Amino acid sequence: MEAHYPFTLPPLPFAYDALLPELDERTMHFHHDKHFAAYVDNLNKLLETHPDYQSWSLEQLCQRWPELPEDIRQGVRNNAGGVYNHDLYFKTLAPTPATAPSDALAGAVARDFGDLSALKAAMKAAALGQFGSGWSWLVSDCDGRLSVQKTPNQDTPLPLCPLLCCDVWEHAYYLQYQNRRADYFESWWLLVDWPQVSQTYTGHLSCRPRCPQS
Ligand code: MN3
């Protein structure tokens, strides 16, 4: 993702039919080319007329939207979040067969959840417990402690470090799964790119860009 305005839509990192049978081509086209693209376009349109904020990074926009002028505040909150969340969502999906977390991440999962199936159960409970549209997250704090969160709409869990997210907006699954959010979650879980999630975790631990200096 670009550091600041103008933001660009990252290409889907795999073929549109690469996630079959778990996620179908039509869902990928609508989700990436229409929904994700719209968040990018809308965010750019909002910032186009506000040059003072064009140097803000995506993460700054996601966290500091309450400081913005009233006419773009809610729009930036929704669309910067939409860009941030979808960037991570597509980046952490992989067409390859199930892979495992790195030793570092697996150790943290064991410490903070017990095992991977307990983490899955926690993320599933967050996904199904999110009323209406939103997200289920695996996040790390500054000390590398993991937790699961849910956020409504396009809110992010920043400044906690997001490692993995499941989009539970109906647009993420309705074409293929209709109202069966639990079935969609089970399929999504099979597609998690654990090497990518592990790399984000390791990178977070080595630079901890969001931690206050102690
Ligand atoms: Mn979505």
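Chemist: Please explain the sheet that holds strand β1 (residues 134-140) as it appears in this structure.
Modeler: Backbone hydrogen bonds are what pair the strands of a sheet, in a parallel or an antiparallel way. Pairing in this open sheet of 3 strands is antiparallel, and the strands run β2-β1-β3 from one edge to the other. The sheet is open, and its two borders are formed by β2 (146-152) and β3 (161-167), each paired with just one other strand. The mean angle between the axes of side-by-side strands here comes to 25 degrees, regardless of whether they run parallel or antiparallel.

Chemist: Looking at this structure, how should I read the nonpolar core?
Modeler: Across soluble globular proteins, nonpolar side chains show a tendency to be buried alongside one another. L23, L43, V76, Y89, L93, Y184 and W188 are the most contacted members of the largest nonpolar core, which has 59 residues in total. Looking at which element gives the most residues to this core, the answer is helix α3 (residues 70-91), with 8 residues. Those residues in contact with W188 that sit more than four places away from it in its chain are Y89, L93, M123, L164, C165 and C166.

Chemist: Would you take a moment to explain unusual backbone geometry for this structure?
Modeler: Trans peptide bonds make up most of the peptide bonds, and negative phi angles are found at most residues other than glycine. Omega for the peptide link from Y5 to P6 comes to -5 degrees, which places this bond in the cis form. At the junction of L20 and P21, the peptide bond is cis and its omega measures out at 5 degrees in the coordinates. When you line up the elements, P21 lands in the segment before α1 (25-48). Even without being glycine, N153 reaches a positive phi, approximately 55 degrees.

Chemist: Is there a simple way to think about the domain arrangement of the protein chain in this case?
Modeler: Accessible area lost during the coming together of the parts is what is often quoted as the interface size. On domain assignment, one finds that the protein chain holds domain 1 (25-91) and domain 2 (103-207). Between the C-alpha centres of domain 1 and domain 2 there is a distance of 20 Å. At the interface, 19 residues of domain 1 touch 22 residues of domain 2. Together, the buried faces of domain 1 and domain 2 total about 1,700 Å²; carbon and sulfur atoms form 59% of this surface. Where domain 1 packs against domain 2, one counts 1 salt bridge. Residue D155 is joined to R77 by a salt bridge in which the shortest nitrogen-to-oxygen separation is 3.0 Å. The tally of links from domain 1 across to domain 2 stands at 9 residue pairs in polar contact (both at pLDDT 80 or more). Of all the secondary structure elements, the ones that give two or more residues to the side of domain 1 that touches domain 2 are α1, α2 (58-64) and α3.

Chemist: Is there a simple way to explain the environment of D167 in this structure?
Modeler: Structurally, the position occupied by D167 is in strand β3. Given the relative accessible area of 0%, D167 is considered buried. For D167 and Y89, which are 78 residues apart along the polypeptide, the C-alpha to C-alpha distance reads 7.1 Å. A distance of 2.9 Å separates a polar atom in the side chain of D167 from the backbone nitrogen of W169. Only 3.5 Å separates the side chain of D167 from the side chain of H171, close enough to count as a polar contact.

Rules of the game
Within every chain, residues take consecutive numbers counted from 1 along the sequence as written. Selection of residues for local features in this predicted model requires a pLDDT of at least 70, selection of side-chain atom pairs for listing and counting requires 80 or more, and totals for whole chains, interfaces and linings are taken over all residues. Note that water and hydrogens are dropped before the side-chain values are worked out from all heavy atoms of the structure. For two strands to be treated as a pair, DSSP must find no fewer than two bridges joining them. Strands here are runs of E lasting at least two residues and helices are runs of H or I lasting at least four, both read from the DSSP assignment and numbered beginning at the N terminus. Only the stretch in contact is used when a helix axis is fitted, and all axes are lines through C-alpha atoms; the angle between N-to-C directions ranges over 0 to 180 degrees. To qualify as a nonpolar core, a set must consist of buried Ala, Val, Leu, Ile, Met, Phe, Trp, Tyr and Cys residues joined through side-chain atoms within 4.5 Å. Exposure is judged per residue with a 1.4 Å probe applied to protein chains only, and the accessible area is read against the type maximum: over 50% gives exposed, under 20% gives buried, and values in between give partly exposed. Two residues form a contact once any of their heavy atoms are found within 4.5 Å. The start and end points of each domain follow an automatic or database-based domain assignment. Buried area: the sum, over both parts, of the accessible surface (1.4 Å probe) that disappears when the two are put together. A carboxyl oxygen of Asp or Glu within 4 Å of a side-chain nitrogen of Lys or Arg is what we treat as a salt bridge. Polar contacts, as counted here, are pairs of nitrogen or oxygen atoms within 3.5 Å of one another; within protein the pair requires one atom able to donate a hydrogen and one able to accept it, and residues that are adjacent in sequence qualify only if both atoms are side-chain atoms.

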